[in-house]
Amino acid sequence: LDLIPNLWTFINMAEDQAAGETTDYFGTTFSIEDEDHTLANSLRFFLNKNPHVSFCGYSMPHPSEELVNIRVQTTGEVSATQALRNACEDLKEVCDHVRLSFQQALQQYKAAQPAQ
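As the structure is a prediction and not an experimental result, all values here were calculated from the model.

S.K.: How do you make sense of the pattern of salt bridges when you look at a structure like this?
M.R.: Where side chains of opposite charge bring their charged atoms close, a pairing between them can arise. On inspection of all chains with the given rule, the structure shows 2 salt bridges. Put simply, Lys-92 and Asp-96 hold a salt bridge, and the shortest N to O gap is 2.9 Å. Here the residue Lys-92 and the residue Asp-96 both occupy positions in helix 3 (residues 80-112), the gap between them amounting to 4 residues, near one helical turn. The exposure class of Lys-92 is partly exposed, given its relative accessible area of 28%. Note that Asp-96 and Arg-99 form a salt bridge whose closest N and O atoms lie 3.4 Å from each other. Of this pair, Asp-96 and Arg-99 both sit in helix 3, separated by 3 residues, roughly a single helical turn. The partly exposed category is assigned to Asp-96, whose relative accessible area is 22%. Through salt bridges with shared partners, one network takes in Lys-92, Asp-96 and Arg-99.

S.K.: When you look at the environment of Ser-59 in this model, what are you seeing that I'm missing?
M.R.: Tracing the sequence through the fold places Ser-59 in strand 2 (residues 53-59). The exposure class of Ser-59 is partly exposed, given its relative accessible area of 37%. When the C-alpha atoms of Ser-59 and Arg-71 are compared, they prove to be 8.5 Å apart, with 12 residues separating the residues in sequence. Discounting residues that sit within four places of it in the chain, Ser-59 has contacts with Leu-67, Val-68 and Asn-69.

S.K.: Before we go on, may I ask you to explain the nonpolar core in this structure?
M.R.: One broad rule of soluble globular proteins: the nonpolar side chains tend to lie buried together. Among the nonpolar cores identified, the biggest contains 19 residues, and Leu-43, Leu-47, Val-53, Ile-70, Val-72 and Ala-83 are the most heavily contacted of them. Counting residues per element, the ones that place at least two in this core are strand 1 (27-33), helix 2 (37-49), strand 2, strand 3 (67-74) and helix 3. For this core, the leading source of residues is helix 3, giving 6 residues.

S.K.: Could you clarify how one ought to interpret the sheet that holds strand 3 in this entry?
M.R.: What holds strands together in a sheet is hydrogen bonding between their backbones, with the strands either parallel or antiparallel. Spatial ordering of the open sheet is given by 1-3-2, a layout of 3 strands whose pairing is antiparallel. The two strands at the open ends of the sheet, each matched to only one other strand, are strand 1 and strand 2. Neighbour to neighbour, the strand axes of the sheet diverge by 15° on average, direction disregarded. Bridge count between strand 1 and strand 3: 7 bridges; the pairing is antiparallel.

What counts, and where the lines are drawn
Residues numbered from 1 in each chain as written. Predicted model: local features only at pLDDT ≥ 70, side-chain atom pairs only at ≥ 80, totals over all residues. Heavy atoms only, no water. Salt bridge = Lys/Arg side-chain N within 4 Å of Asp/Glu carboxyl O. Helix = DSSP H or I, 4+ residues; strand = E, 2+ residues; numbered from the N terminus. Buried < 20%, exposed > 50% of the residue type's maximum accessible area, 1.4 Å probe, protein only. Contact = heavy atoms within 4.5 Å. Core = buried A, V, L, I, M, F, W, Y, C linked by side-chain atoms within 4.5 Å. Pairing = 2+ DSSP bridges. Axes fitted to C-alpha atoms, helices over the stretch in contact; angles between N-to-C directions.

Pasting the structure below:
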């Protein structure tokens, strides 16, 4: 399951750009194209569960635009990019678990049904 390819590409580019810099960015706004409230609210949930994140919120500039701005402010123990990466990984784990649980339940249901 490739959860959010645009976001992974974006994070990898941000990390590559920051690799040569001595400053860690503890507050960053990420703009993610081709996404909506579904992803943004899920990431906001996982970011807010992180004890190293002091603030997280998102906005969509306009309903007709497929663009989400996610603001992440950390306590300084991790960078905003790392916090977002961790939230993406947590979200992916939850999605994988839901998919596996669904597939197992579907198999059990089909096995319990008489052949037609």
